[in-house]
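These are the residues of each chain, in order.
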There are 2 protein chains.
Amino acid sequence: MATAQKLPHLINGVAVDALFATVNAIKATPSMAKFRFRISNRWEQAAQNRSTVHTFHGAGQQLWHSKPFVLEADEPTVLLGKDAAASPVEHLLHALASCLTTSMVYQAAARGIYLEEVESSLEGDIDLHGFLDLNPKVRKRFEGIRINFKIKAEVPETQLAEIVQWGTGHSPVFDSLTNGVPVTVKAERL
Amino acid sequence: MATAQKLPHLINGVAVDALFATVNAIKATPSMAKFRFRISNRWEQAAQNRSTVHTFHGAGQQLWHSKPFVLEADEPTVLLGKDAAASPVEHLLHALASCLTTSMVYQAAARGIYLEEVESSLEGDIDLHGFLDLNPKVRKRFEGIRINFKIKAEVPETQLAEIVQWGTGHSPVFDSLTNGVPVTVKAERL
């Protein structure tokens, strides 16, 4: 994050003064930087399940979203679902796109760079030989994900790549997905 | 995946006969197993952006969801958003929960195991010293994610953990997130 400068109140819709106030608050009280995000999920039937997002911890306190957000999941009919919602792997692509976009928008704002439009298209390949245990050499995961950003901004050609690197260099989802995260799983009887 | 057995048409809402028909179709024509999932995302303002999910490739053809699904993202006000939707990292937790749940439900169905209820709660920690470049030793990503499944099923105690392992052992999102995925990013001018 750049050092505080004389910047307008809002850049890219981001309250830059509040952003630098956050930086200063964390410098004064490092524990303010600790965030804990939570969801709860409930199975409905077959591939249909839904998550509820409501509380989280951050800035030294328990916090609540303005309302509970409900996120649904299903599979398309070719994968034996009812096709009532996006599939889990598509939600993963959304998490990645949205985190990269927000990261670059915030980081650009902190540097006084105005963005006019940001679009991205993402695609990723999965070989069902993995999920179906038909070939032990085929992984279950995405083999790879390709992202193409289109950016409208009054910046030199060379800065376009830099703007995207502000995204990839700061996005929690990008870092999680490209480098992996330790996940612990427990089970108990309901 | 277990070998074909004499099983009812539907277990856990999953058409088990269609599942084994899929396995046989892929054994006959391995390219049927290649899937490509896609989303497109558009920035709105600050932390608000939305993805559209419509087409994908699979089973040897271009396919469409029943309708375009729109997935929104925002940040809570403490992170300078408008709190109009779940945040990208919460979407990531949803992707993980939904993929694990669907994977265990399908794998249980293929083994003739009936599940009555499946719930999960997930939490993950992020230290903003990373995103804000305040400490180069702090990663941007989730430090760790903890998942607690609660399962209602008429199975012995020892099988509860096995059911969850069918999820973690087959879920594309779990494999992607725990082991990492190669992601390539390009940028062009809009």
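For the structure itself, consult the block above.
Reference entry: report on the structure contained in this document. (Residues numbered from 1 in each chain as written. Chains lettered and ligands numbered in written order. Predicted model: local features only at pLDDT ≥ 70, side-chain atom pairs only at ≥ 80, totals over all residues. Heavy atoms only, no water.)

### Here's the deal with the interface of chain A and chain B
(1) Moving on: At the junction of the two partners, chain A supplies 131 residues and chain B supplies 131 residues.
(2) Moving on: Run the count over chain A and chain B and you get 14 salt bridges.
(3) Moving on: Between Arg 42 of chain A and Glu 119 of chain B there is a salt bridge, and its shortest N-O distance comes to 3.0 Å.
(4) Moving on: Applying the counting rule to chain A against chain B returns 79 residue pairs in polar contact (both at pLDDT 80 or more).
(5) Moving on: Among the elements that take part in the side of chain A that touches chain B, helix H2 (residues 88-110) of chain A stands out by supplying 18 residues, more than any other.
(6) Moving on: Of the residues in the side of chain A that touches chain B, the class split is 68 nonpolar, 34 polar and 29 charged.
(7) Moving on: Both strand S8 (residues 183-189) of chain A and strand S7 (residues 144-152) of chain B contribute to a ladder of 7 bridges, which runs parallel. Note that in S7 of chain B the partner of Thr 184 of chain A across the bridge is Arg 146 of chain B. (Contact = heavy atoms within 4.5 Å. Salt bridge = Lys/Arg side-chain N within 4 Å of Asp/Glu carboxyl O. Polar contact = N/O pair within 3.5 Å; in protein donor to acceptor, adjacent residues only side chain to side chain. Helix = DSSP H or I, 4+ residues; strand = E, 2+ residues; numbered from the N terminus. Nonpolar A, V, L, I, M, F, W, Y, C, P; charged D, E, K, R; others polar. Pairing = 2+ DSSP bridges.)

### Regarding the relation of the copies chain A and chain B
(1) Moving on: When chain A is fitted to chain B, the residual RMSD is 0.0 Å, and the transformation amounts to a turn of 180° plus an axial shift of 0.0 Å. Here the copies are linked by what is in effect a two-fold axis. Of the C-alpha atoms belonging to chain A, the one lying closest to the rotation axis is found on Gly 180 of chain A, 2.1 Å away.
(2) Moving on: With an isologous cut-off of 70% or more, the 100% of interface residues of chain A that recur at the interface of chain B puts this contact in the isologous class. (Least-squares fit on C-alpha atoms with pLDDT ≥ 70 in both.)

### Digging into the environment of Tyr 106 of chain A
(1) Moving on: Note on placement: Tyr 106 of chain A falls in helix H2.
(2) Moving on: Residues Tyr 106 of chain A and Asp 83 of chain A, 23 residues apart in the sequence, show an inter-C-alpha distance of 34 Å.
(3) Moving on: Here Tyr 106 of chain A is in contact with Val 14 and Leu 19 of chain A together with Ala 46, Ala 47, Glu 75, Leu 79, Leu 80, Gly 81 and Phe 131 of chain B, once residues within four sequence places are set aside.

### Comments concerning the packing of aromatic side chains
Residues and elements named next belong to chain A.
(1) Moving on: Scanning the entire structure with this criterion turns up 4 aromatic pairs over all chains.
(2) Moving on: Arranged with centres 6.0 Å apart and planes meeting at 15°, the rings of Phe 37 and Phe 56 form a pair that is stacked. Highlighted residues: Phe 37 in strand S3 (residues 34-45) and Phe 56 in strand S4 (residues 48-58), separated in sequence by 19 residues.
(3) Moving on: Overall, Phe 56 belongs to the buried group, its relative accessible area being 2%. (Phe/Tyr/Trp six-rings, centres within 6.5 Å; stacked < 30°, edge-to-face > 60°. Buried < 20%, exposed > 50% of the residue type's maximum accessible area, 1.4 Å probe, protein only.)

The values reported here are purely geometric and, on their own, carry no functional implication.
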